[in-house]
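Observations on the three-dimensional arrangement
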Amino acid sequence: MALSFSKQAAQEMQNYLEQRGHGVGIRLVVQTSECDGMTYRIEFVDEPEEFDLVYESHGAKIFIDPKSLVYVDGTEIGYSIEGNESGFSINNPNVKEHCSCGESFYV
């Protein structure tokens, strides 16, 4: 099982941590959504939690709890820039379909 960053996403995440002035990586959380599927949440990690699994990619760290990992094994966190918009993206090979609202997914 593994998680990874694209090179650009790892650089952007490191830039965010430097701007914050602290932190060791990001946490990828999978939770149930209001639309009946699952959804992602990304948050900064200042200190690892007891049961965290940690993956390092291009010098940046992704933290995840074992229950969430089951849904995202093999996922790459990317970073995209389109016009004036930019942000992290999640390329999860386990997704079978997305909710009509585009916010949740099913595996």
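Report on the accompanying structure. Predicted model, so just to flag it, every value in this text is computed and none were measured. (Residues numbered from 1 in each chain as written. Predicted model: local features only at pLDDT ≥ 70, side-chain atom pairs only at ≥ 80, totals over all residues. Heavy atoms only, no water.)

1. Focus: helix α1 (residues 7-20)
For the record, the criterion: A run of H or I in DSSP counts as a helix once it spans at least four residues, and a run of E counts as a strand once it spans at least two, with each numbered from the N terminus. An expected span of 1.5 Å times one less than the residue number is assigned to each helix. Only protein chains enter the calculation, and the probe is 1.4 Å; a residue is then buried if its accessible area is under 20% of its type maximum, exposed if over 50%, and partly exposed in between. What the arc describes is the spread of directions from the helix axis to the C-beta atoms.
Between its first and last C-alpha, α1 extends 20 Å over 14 residues, near the 20 Å set by a 1.5 Å rise per residue. Taken as a whole, α1 has its buried residues at Ala9, Ala10, Met13 and Leu17. Each buried residue of α1 lies within a common arc of 100° when the element is viewed along its axis, so the set occupies one face. For α1, exposure combined with an orientation more than 90 degrees from the buried face picks out Lys7, Glu18 and Gln19. Looking at the residues trailing α1, positive phi occurs at Gly21, about 90°.

2. Quick look at the nonpolar core
Quick reminder of the rule: We call a set of buried Ala, Val, Leu, Ile, Met, Phe, Trp, Tyr and Cys residues a nonpolar core when their side-chain atoms join them within 4.5 Å. For this analysis, residues touch if any pair of their heavy atoms sits within 4.5 Å.
Core analysis: the biggest nonpolar cluster contains 18 residues, and Leu3, Phe5, Ile64 and Val72 have the highest contact counts within it. Mapped onto this core, the elements with two or more residues apiece are α1, β2 (25-32), β5 (60-64), α2 (66-72) and β6 (76-82). If we ignore the near neighbours within four places in the chain, the residues touching Ile64 are Leu3, Leu28, Phe51, Asp52, Leu53, Tyr55, Leu69 and Val72.

3. Some thoughts on the pairing of strand β3 (residues 38-45)
To keep it simple, the criterion reads: If DSSP finds at least two bridges between two strands, the strands pair.
Relative to β3, β2 is paired through eight bridges, and the arrangement is antiparallel. Its bridge partner being in β3, Val29 is matched across the sheet by Arg41.

4. Topic: the side chain of Asn92
To keep things clear, this is the line we draw: Each polar contact in these results corresponds to two N or O atoms within 3.5 Å; when the atoms are within protein, one needs to be able to donate a hydrogen and the other to accept it, and residues that are neighboring in sequence are counted only if both atoms are side-chain atoms.
For Asn92, the position within the fold is in the loop between β7 (85-91) and β8 (97-98). A distance of 3.0 Å separates a polar atom in the side chain of Asn92 from a polar atom in the side chain of Tyr40.

5. Some points on the sheet that holds β7
What counts here: Only the stretch in contact is used when a helix axis is fitted, and all axes are lines through C-alpha atoms; the angle between N-to-C directions ranges over 0 to 180 degrees.
Taken in spatial order, the three strands make up an open sheet running β1-β6-β7, and their pairing is mixed. A strand with exactly one partner marks an edge of an open sheet, and here the two such strands are β1 (4-5) and β7. By the bridge criterion, two bridges tie β1 to β6 in an arrangement that is parallel. Pairing of Ser4 across the sheet is with Glu76, part of β6. Sitting on the sheet, α1 is in contact with β1, β6 and β7, with an inclination near 85° to β6.

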